[in-house]
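# A structural walkthrough
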Amino acid sequence: MRVLIVEDEPLLAEAIRDGLRLEAIAADVASDGDTALELLALNAYDLAVLDRDIPGPSGDEVARRIVASGTGMPILMLTAADRLDDKASGFELGADDYLTKPFELRELVLRLRALDRRRAHSRPPVRELAGLRVDAFRREVYRDGRYVGLTRKQFAVLEVLVAAEGGVISAEELLERAWDENADPFTNAVRITVSTLRKRLGEPWLIVTVPGVGYRIDAAAGSTGRADAAGGPDGAPEPSAHG
């Protein structure tokens, strides 16, 4: 999940961003309306967290633009205005949820995950593919009934790959969906994370490399118990798919 935080209080914005990252939620920060609109035009976000009182175009105007874009991106308004009339006007603008300051970070995380599930209501809360069972809400992964402990980043990458249901995901897309705008486009973090994730999931290798394209979950390997022929992740060539 990738979230845009629009908040003009630097310390609060940084605290939210860092807290979300600890929950495997990639987060970018905009301190004013103009920056928020620029980031929305450049990046694909799953959710927006908007403070209504920000410099430049207001949070209300940013919300209007999001709604008008037709993306269906859920909006959580985060503000000190706690009167019922304030909440009503926020919902009328298109907000999907409203959280008043001060708040507990855990509540924000729970609300964001609930909005994400609602956004993809046709998507089951627990995904199953190739013997994998991925529970995004509990952040638990099982392979053939065996619990697999993953780091936050490994889990975020696996979520993207499993959501593709066997489709190929490029390294650039993984970087965009599982990291954030501060990620170095020339980093080898994606390759390293995929390699360690592959090890954690165990043999037969489920994640294969499509040379020059990206990565995918090999559903056949999971269902038939066969391993890809390209070898293991420790210094040997990465599992790859051909044809």
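Further up the page is the structure itself.
Owing to the predicted nature of the structure, the values given are computational and were not obtained by experimental measurement.

## Some thoughts on the nonpolar core
Residues V141, L158, L174 and I217 are the most contacted members of the largest nonpolar core, which totals 29 residues. Every element with two or more residues in this core is listed here: β7 (132-135), α6 (152-163), α7 (171-178), α8 (189-201) and β11 (214-217). Non-local contacts of I217, meaning those with residues more than four positions away in its chain, are made with L129, A130, L132, L158, L161, V162, G166, L206 and I207.

## Overview of α7
Along α7, the residues classified as buried are L174, L175, R177 and A178. At its buried positions, α7 is contacted by β1 (2-6), β2 (26-30), α6, α8 and β11.

## Considering the pairing of β2
Most of β2 is tucked away, with four of its five residues classed as buried. By the bridge criterion, five bridges tie β1 to β2 in an arrangement that is parallel. By the bridge assignment for β2, R2 is matched with A26. For the crossover that starts at β1, traverses helix α1 (residues 10-22) and ends in the parallel β2, the hand is right-handed.

## Remarks on the sheet that holds β7
Read across the sheet, four strands follow the order β6-β7-β8-β9 without closing on themselves; strand pairing throughout is antiparallel. Two strands bound the open sheet, and with one partner strand each, they are β6 (126-129) and β9 (146-147). Pairing analysis gives two bridges linking strand β8 (residues 140-143) to β9, with the strands arranged antiparallel. Along β9, the bridge assignment pairs R143 with R146. Across the sheet, α6 touches β6, β7 and β8, and the angle it forms with β7 is around 115°.

Calculation notes
Think of each chain on its own: its residues are numbered from 1, step by step along the sequence as written. The predicted nature of this model means local features are confined to residues of pLDDT at least 70 and side-chain atom pairs, given and counted, to a pLDDT of 80 or more, with totals for whole chains, interfaces and linings taken over all residues. The side-chain quantities take in all heavy atoms of the structure and omit both hydrogens and water. Remark: nonpolar core denotes a set of buried residues (Ala, Val, Leu, Ile, Met, Phe, Trp, Tyr, Cys) joined through side-chain atoms within 4.5 Å. The buried label applies to any residue whose accessible area, calculated with a 1.4 Å probe on protein chains only, is under 20% of its type's maximum; exposed applies above 50%, and partly exposed to all values in between. Secondary structure elements are defined from DSSP: runs of H or I of at least 4 residues count as helices, runs of E of at least 2 residues count as strands, and each element is numbered from the N terminus. Throughout, a residue-residue contact means that at least one pair of heavy atoms, one from each residue, lies within 4.5 Å. Strands are labelled as partners when DSSP assigns at least two bridges between them. Crossover handedness is defined here as right-handed if the route from the first strand over the helix to the second strand goes clockwise, with the strands pointing away from the viewer. Every axis corresponds to a line fitted to the C-alpha atoms, with the helix fit spanning only the stretch in contact, and the corresponding angles, defined between N-to-C directions, vary from 0 to 180 degrees.

Read these as geometric descriptors, not functional statements.
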